[in-house]
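# Geometric and topological summary
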Amino acid sequence: MSRVLDGVAIAAEIKAEVAAEVSQLAAQGIRPGLAAVLVGNVAASEIYVRSKVKTCADLGLYSEMITPPETVTTEEMLTLVADLNAREDIDGILIQLPLPGHVDTKRLLDAVSPEKDVDGFHPVNAGRLQAGRLSGKSSALVPCTPAGVIEILKRSGIAIAGQHAVVVGRSDIVGKPAAMLLLHQNATVTICHSKTQDLPSITRQADILVAAIGRAGFITPEMVKPGATVIDVGINRITDRAEFEKFFAGDEKRAESFSKRGSTLVGDVHPQAFAVAGAYTPVPGGVGPLTIAMLMANTVRAARMRRGL
Ligand code: NDP
């Protein structure tokens, strides 16, 4: 029987730690603050941002949601970011992606002060991460999802040092920082991507397999080494009944929820591949909940670092 790594429980543990830290800071008159910028009316983005703002309130952080219209220009966004950079009550700035096509996303993300870059997207933070500056003053704010992957492994007691970790995906948001964090934890790391040849022969060598591809059920059972730990970062919404059957045939509970909602989530790992694994993160309820928990942790860290604490 494969072990399920419960992301909801681990995220709850981290959030409780953050809440305790927030009350310690409150005793010193400090209230960490997050500004979440949501451009336009993308329903999925709005759901994400609202749940981030709500979690701030639950844990005692200050938060603010700023909602420029779809027509906002790059220059207007740059002014907004400059204001947030200068504000004393704001420790973290989050710009929800994707932005409308006419906004220069790179320029904007580069304009966020590295000290307030709680998503860890600024090149200064990417550089600090690569250089292994992970604690102490002026250390990296690490992208939330990959930071969550490491927390799941560590808090589940899964050994990383000396293990072969294979990361499929090399995005700046997930794959690359996940690989770098695993390397700093002394794993032997292989990074795979769309040009990798004979991918299954590499994934089958993984003691820890991280899938961050963005393709539903891409990792099939024969790509997994028996007993491996499989971390499924993927979130893919499926609405097609035939596709649903391909992944979840025989899963009555899922079928019921699919009929009711007309959709379900599947990761980048085929559900049947989990049976081969020794341990795995489910979708939903695996890596997803960690992303918000780590955002909260990053905001508190940013508040401390900015004050030299
Ligand atoms: P990107 O699209 O930015 O990157 C996907 C990566 O997968 C690329 O490096 C790409 O390679 C690689 N890839 C694509 N096709 C193949 C293939 N056939 N074989 C091998 N590699 C392939 O996605 P993200 O990194 O942003 O996200 C990955 C997944 O994680 C998505 O499902 C996303 O929804 C999910 N996600 C989940 C989060 C969470 O909170 N749990 C947060 C962020 C993302 P190449 O570079 O060569 O194109």
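Fair warning: this is a prediction, and the values are worked out from it, not measured in the lab.

Partitioning the chain into domains gives domain 1 (28-119) and domain 2 (145-289). Using only C-alpha atoms to locate each centre, domain 1 and domain 2 end up separated by 29 Å.

Considering all chains together, one arrives at 16 salt bridges under this definition. In this structure, the salt-bridge partner of Glu13 is Arg155, at a minimum N-O distance of 2.9 Å. Of this pair, Glu13 sits in helix α1 (residues 7-27) while Arg155 sits in helix α6 (residues 144-155); the two residues are 142 residues apart in sequence, bridging distant segments of the chain. In this structure, Arg128 and Glu115 form a salt bridge, with 3.6 Å as the shortest nitrogen-oxygen distance. Taken together, the residues span a long stretch of sequence, with Arg128 in helix α5 (residues 123-130) and Glu115 in the loop between α4 (105-111) and α5 at a distance of 13 residues.

Here the focus is the site of the ligand. Contacts to the ligand come from 21 residues, most closely from Arg170, Ser171, His193, Ser194 and Thr291. At 3.5 Å from a nitrogen atom of the ligand is found a main-chain nitrogen or oxygen belonging to His193. For the ligand, the protein covers 70% of the area, taking 930 Å² as the surface of the free molecule.

Look at helix α3 (residues 74-86): 18 Å from first C-alpha to last across 13 residues, which is about the 18 Å you get at 1.5 Å a residue. Structurally, α3 contributes buried residues whose contacts are with β2 (33-37), β3 (62-66), β4 (92-95) and α4.

What follows deals with the environment of Leu182. Here Leu182 is to be found in helix α7 (residues 175-184). Remark: the alpha-carbon pair of Leu182 and Ser263, spanning 81 residues in sequence, is separated by 33 Å. Among all residues touching Leu182, those that are not within four sequence positions of it are Ile150, Leu153, Ile160, Ala165, Val167, Ala187, Val189 and Val210.

Let us look at the sheet that holds strand β11 (residues 279-280). Spatial strand order, β1-β11-β8-β7-β5-β6: six strands in an open sheet with parallel pairing. Taken across any chain shown, the strands that pair with only one partner, and hence form the sheet edges, are β1 (3-4) and β6 (188-192). In this sheet, β6 lies alongside strand β5 (residues 164-168) in parallel orientation, the contact comprising five bridges. Residue His164 lies in a different strand from β6, and its bridge partner there is Thr188. Contacts from α6 reach β7 (208-211) and β8 (229-232), with the element oriented near 150° to β8.

The rules behind the values
- Residues numbered from 1 in each chain as written.
- Predicted model: local features only at pLDDT ≥ 70, side-chain atom pairs only at ≥ 80, totals over all residues.
- Heavy atoms only, no water.
- Domains from an automatic or database assignment.
- Salt bridge = Lys/Arg side-chain N within 4 Å of Asp/Glu carboxyl O.
- Helix = DSSP H or I, 4+ residues; strand = E, 2+ residues; numbered from the N terminus.
- Near = heavy atom within 4 Å.
- Polar contact = N/O pair within 3.5 Å; in protein donor to acceptor, adjacent residues only side chain to side chain.
- Areas by Shrake-Rupley, 256 points an atom, 1.4 Å probe, with all protein chains shown as cover.
- Expected span 1.5 Å × (residues − 1).
- Contact = heavy atoms within 4.5 Å.
- Pairing = 2+ DSSP bridges.
- Axes fitted to C-alpha atoms, helices over the stretch in contact; angles between N-to-C directions.

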